[in-house]
Amino acid sequence: MTKWAWMVTAVMMLAACNSRPSLQPQSGGKPFEVLLVNDSDSVVFRQLSRPVDGLPQPEPAFDISAVNLSEVPRVAQTARNIVVVEVDEQRFTRSHIRYEKNRYARPQLIVYVQSPTTFQLNMFLQRGGGETLRNLFAGAELNREVRQLGQRHLLKASRTVRQMFGFDIWVSTELSSMKKGVDFVWFSNNTLTGMKNICVFSCPASADKFASADSVLKANIKGETDAMWMKTVAKSMTRKQTLKQGRHVTTEVGLWEMEGDAMGGPLVMRYWTEGSRDFFVIAFVYAPESRKRNLLKAVEASLYTIRK
């Protein structure tokens, strides 16, 4: 199973694992913040702080606050994401990961990383355990964003996409600015800082998806003059997953840039083919003045709400 296919599976598991009542307090912290407990040798810290794929500048996967168990105040138990490292030869015979959801607050994910020795823990994390750990928290954050979109999304966006392309998508109410073209629609918060965007379009099916996408983007997303237009940076793209959900759906993560200008940033693109046409949904941000991880992840969540 690929990295991102596993993450989507984790999202479904986390959404289903909900046996506790809903009387807990609201969890604290910002998206992608993790409270790391008892990581005395920083082996887990190194895994959680690895750079995120597809961003123009290195940004860690998570923002980490590392503490010892004795230093954890009661209020910290309500953190949204917690990792507890337990190294004990008497208790554990192998390295493994277990998790629980909503123990002290809601929504909350607590992951226990357990191992007999620090050496074995380090090897376990390097051989796939670290990726599993990152995927668990990335999946939890994605699930939270999708839940929020389910509770509050732009109805005009859902109606427009349904009418134009025959499927539904949840778009944040922030993205209230809309531009329509031929088989193309673009939703944006239309701000000068932290600009979030989603565009949906279709075109004749082609083997070269990037060329097709660039052709549509050139026609619909221009800069200050017609000599400037948005395009994907094909060499930056990494294929994250291919899913079968009645059709092949491919996800690419990478960069976009403005031809003839210095503008650019990260994007996530999903596409699939139905009959004689290709369908694309692209989430992208423009935030030259700030970090981009949380902005992109927030708008990316819409791509996982697509339903026929």
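Reference entry: report on the structure contained in this document. Since this is a predicted model, take the numbers as computed values, not measurements. (Residues numbered from 1 in each chain as written. Predicted model: local features only at pLDDT ≥ 70, side-chain atom pairs only at ≥ 80, totals over all residues. Heavy atoms only, no water.)

### With respect to the overall build of the chain
Stage number 1. Scanning the chain from N- to C-terminus turns up 6 helices and 12 strands.
Stage number 2. Relative to the compact-globule value of 19 Å for 308 residues, the chain shows a C-alpha radius of gyration of 21 Å, a close match.
Stage number 3. Relative to its 308 residues, the chain shows a buried fraction of 50%.
Stage number 4. Taking all contacts inside the chain whose residues are at least 6 apart in sequence as the whole, residues at least 24 apart take part in 62%.
Stage number 5. Of the roughly 14900 Å² that the chain leaves accessible, carbon and sulfur atoms contribute 51%. (Helix = DSSP H or I, 4+ residues; strand = E, 2+ residues; numbered from the N terminus. Rg over C-alpha atoms; globule rule 2.2 N^0.38 Å. Buried < 20%, exposed > 50% of the residue type's maximum accessible area, 1.4 Å probe, protein only. Contact = heavy atoms within 4.5 Å. Areas by Shrake-Rupley, 256 points an atom, 1.4 Å probe, with all protein chains shown as cover.)

### As for unusual backbone geometry
Stage number 1. With an omega of -5°, the peptide bond running from Arg106 to Pro107 counts as cis.
Stage number 2. Positive phi outside glycine occurs at Ser42, with the angle close to 60°.
Stage number 3. For Ser42, the location among the structural elements is in the loop between β1 (33-37) and α2 (43-48).
Stage number 4. The residue Asp183 is not glycine, and still its phi comes out positive at about 50°.
Stage number 5. Among the secondary structure elements, Asp183 is positioned in the loop between β6 (177-181) and β7 (184-188).
Stage number 6. For Asp183, a relative accessible area of 32% translates into the label partly exposed.

### Quick look at the side chain of His153
Stage number 1. Residue position: His153 is located in the loop between α3 (118-151) and α4 (155-165).
Stage number 2. Here Leu149 takes part through its backbone oxygen, which lies 2.7 Å from a polar atom of the side chain of His153. (Polar contact = N/O pair within 3.5 Å; in protein donor to acceptor, adjacent residues only side chain to side chain.)

### Some thoughts on the pattern of salt bridges
Stage number 1. Counted according to the given criterion, the structure contains 16 salt bridges.
Stage number 2. Across the pair Arg91 and Glu86 runs a salt bridge whose closest N-O atoms are separated by 3.7 Å.
Stage number 3. Taking the shortest distance from any N to any O, the salt bridge between Arg239 and Glu252 comes out at 3.3 Å. With a gap of 13 residues between them, Arg239 in strand β9 (residues 229-244) and Glu252 in strand β10 (residues 248-259) connect regions that are remote in the sequence.
Stage number 4. Residues joined in a network through salt bridges with shared partners are Glu59, Asp63, Arg291 and Arg293. (Salt bridge = Lys/Arg side-chain N within 4 Å of Asp/Glu carboxyl O.)

Any functional reading would require information beyond the geometric quantities listed.
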